[in-house]
Amino acid sequence: MSNLELRPAERVCAVGDAPDDIELLTSREVPLGGPRAMTVRRTIPQRRRSLIGAWCFCDHYGPDDVSSSAGMQVPPHPHIGLQTVSWLFAGEILHRDSVGSEQLVRPGELNLMTAGHGISHSEESTPSTPDRPRPPTLHGVQLWTVLPSSDAGTAPRFDHHADLPVADVDGVRVQVFLGSLRVAGDLLASPARTYSPLVGAQLDLPAGSRLELDVDPGFEHGLLVDAGEATLEGTVVPPSELAYAAPGRDRLVVTAGAEPVRAILLGGAPFTEDVVMWWNFVGRSHEDVVAARADWSAQLTDLADGSTGYVEGAEGRRFGRVDGYEGGPLRAPALPDVRLKPRTQPGR
């Protein structure tokens, strides 16, 4: 998914302080694409904490009724230096990209796009037809992970995984979509390719149940609650908020109250490189962002009808072109008037 804010703020993503207790991060609502577009609840990045391991972006949306609306409509747009992780609780989304992929994602399946040096893609709700009505509800999360500098310039790729590891323990269900996680003594390992030590999993707990997870003590973790009365290590986590646990724990306990709980667990080794994030670009410097924006803008042109299109030969340029989407690509917003400057990491 694109960050469709018209005036995106520059973000310096850096390792934060390690609190002794669980830290709650409150989401903020962000409209994507104008007043009639969908609204997402964003928990990271934010001033208090911009990274959890390599996870640098977390948008949580729905449940939205898309039975009589256009649903999700995200025109072609570019990315560098990250992986996009599309994960649904309900509904379906059609992904198209500049490496030629066209893939539906449904609940319990993973769409993973590695931007590397540069890729562009679109995402949209599927059209509703008499033979195949669109699922009426859209509900899920859109996540990004930072690529380490050693892989930031890698070739772009897209992967879809429909067969992901699941554990059912006393009615509790855990599905790992990225990385690995030990549940009741068994290691659940996703087949998806990652570039740094991390984990991403969906947790479903019946009312009154308890889940104990063996976790890597070198990881920091976040628990995003989608629904229900959840607690993490004794701290109540309201829906749409994200609870942060610093490294040093080898066990995490999640419990459900009077209602069933659905949550997303994110974790990873603290990401210690300097990162600048602006719009849909993750780089290491102001120059990385400026160059990516210039390269994307050079691929676009104004058409006679006032819309935006591609220049001739765009398919051979840095971000390629996306075919099949009904509409033109997004233009990049104007850069801020200030130079984007990464913060030096602690201890450096």
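Given the structure is predicted, the values throughout are model-derived calculations rather than measurements. (Residues numbered from 1 in each chain as written. Predicted model: local features only at pLDDT ≥ 70, side-chain atom pairs only at ≥ 80, totals over all residues. Heavy atoms only, no water.)

What follows deals with the pairing of strand β25 (residues 275–278). Residues V275 and M277 point to one face of β25 and V276 and W278 to the other, with burial holding for every one of them. The pairing of β25 with strand β26 (residues 281–283) spans three bridges and is classified as antiparallel. Bridging across to β26, M277 finds its partner in V282. In sequence, β25 turns back onto β26 through a hairpin of two residues, with W279 there showing a positive phi of about 50°. (Buried < 20%, exposed > 50% of the residue type's maximum accessible area, 1.4 Å probe, protein only. Helix = DSSP H or I, 4+ residues; strand = E, 2+ residues; numbered from the N terminus. Pairing = 2+ DSSP bridges.)

What follows is about helix α1 (residues 286–298). The end-to-end C-alpha separation of α1 is 18 Å, in line with the 18 Å expected for 13 residues at 1.5 Å each. Along α1, the positions that sit buried rather than exposed are H286, V289, A292 and W296. When α1 is viewed along its axis, its buried side chains cluster within an angular range of 135° and face the same direction. The secondary structure elements touched by the buried residues of α1 are β6 (73–79), β11 (119–124), β25, β26, β27 (300–302) and β28 (308–310). (Expected span 1.5 Å × (residues − 1). Arc of directions from axis to C-beta. Contact = heavy atoms within 4.5 Å.)

So, about the sheet that holds strand β13 (residues 157–161). Strand pairing within a sheet occurs via backbone hydrogen bonds; the two strands may be parallel or antiparallel. Strand order in the open sheet formed by seven strands is β3-β4-β5-β12-β7-β10-β13, with antiparallel pairing between adjacent strands. With partners counted over all chains shown, the strands left at the sheet margins are β3 (28–31) and β13, one partner each. The mean angle between the axes of side-by-side strands here comes to 20°, regardless of whether they run parallel or antiparallel. The pairing of strand β10 (residues 110–114) with β13 spans five bridges and is antiparallel. Of the residues in β13, the one forming a bridge with L110 is H161. (Axes fitted to C-alpha atoms, helices over the stretch in contact; angles between N-to-C directions.)

The next point concerns the pattern of salt bridges. Counting across every chain of the model gives 16 salt bridges. Ionic pairing is found between R132 and E92, a salt bridge with its closest N-O pair at 2.8 Å. With R132 in the loop between β11 and β12 (137–146) and E92 in the loop between β7 (82–90) and β8 (93–97), this residue pair connects regions lying 40 residues apart in the sequence. Of the residues examined, R132 reaches a relative accessible area of 36% and is grouped as partly exposed. Among the salt bridges present, the one from R331 reaches D302, with a minimum N-O distance of 3.0 Å. Separated by 29 residues along the polypeptide, R331 in the segment after β28 and D302 in strand β27 bring together distant segments of the chain. Judged by relative accessible area, which is 37%, R331 ranks as partly exposed. Under the relative-accessibility criterion, D302 is labelled exposed at 56%. What emerges from the salt-bridge pattern is a single network uniting E23, R48 and R49. (Salt bridge = Lys/Arg side-chain N within 4 Å of Asp/Glu carboxyl O.)

The analysis is restricted to geometry; functional conclusions fall outside its scope.
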